[in-house]
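So the chains spell out like this:
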Amino acid sequence: MQFKPQTFHGEPPVVEIENPTQELVERRVADLLAVSDGIDASDIEVTETGGDIVLSGSVSREGEIERAVEIVRSIPEVGNIILRLRLRNPLAGAG
């Protein structure tokens with residue numbers, strides 16, 4: 001049996017490697033949101049993309065969105081904050 005060197009047609013496959021720094025930043029943000037006063041972070045998902053933090057999910061009050069931004073800004077490794085948070089009940093945040 002003869003073995004030939006592996007060849008690729010077109011672009012070689014991209015090998016994805018896990019980014020431990022990304023995971024650490026995501027975990028740090030999520031942990032701070034979970035233990036901070038003034039916010040229920042149980043329905044907030046945190047993802048990191050290129051130094052930016054994306055917050056998605058839902059909160060009960062508009063003040064919780066502001067509090068989440070304040071918490072994330074306190075972390076030096078974070079670039080921009082991309083908000084994809086929505087109110088569970090928009091009327092609850094009014095008044």
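Everything quoted here is computed from the prediction, not taken from an experiment.

Visitor: Describe the sheet that holds strand β1 (residues 44–49), listing the residues and the values that go with them.
Guide: With respect to topology, three strands assemble into an open sheet ordered β1-β2-β3, the strand pairing being mixed. Edge positions in the open sheet fall to β1 and β3 (81–87), since each of these has one partner strand only. Within this sheet the neighbouring strands show an average axis-to-axis angle of 10°, counted without direction. Bridge analysis of strand β2 (residues 52–59) against β3 gives seven bridges, and the strand direction is parallel. The residue bridging Ser56 from the neighbouring strand is Arg84, located in β3. Taken strand by strand, helix α2 (residues 62–73) contacts β2 and β3, and its axis lies near 160° from that of β3.

Visitor: Pulling in residues and values, what's your account of the pattern of salt bridges?
Guide: Applying the stated criterion to the full structure yields four salt bridges. With a closest N to O distance of 3.1 Å, Asp43 and Arg88 form a salt bridge. Within this pair, whereas Asp43 is found in the loop between α1 (20–35) and β1, its partner Arg88 is found in the segment after β3, the two being separated by 45 residues in sequence. Residue class for Arg88 comes out partly exposed when judged on its relative accessible area of 35%.

Calculation criteria
Residues numbered from 1 in each chain as written. Predicted model: local features only at pLDDT ≥ 70, side-chain atom pairs only at ≥ 80, totals over all residues. Heavy atoms only, no water. Pairing = 2+ DSSP bridges. Helix = DSSP H or I, 4+ residues; strand = E, 2+ residues; numbered from the N terminus. Axes fitted to C-alpha atoms, helices over the stretch in contact; angles between N-to-C directions. Contact = heavy atoms within 4.5 Å. Salt bridge = Lys/Arg side-chain N within 4 Å of Asp/Glu carboxyl O. Buried < 20%, exposed > 50% of the residue type's maximum accessible area, 1.4 Å probe, protein only.

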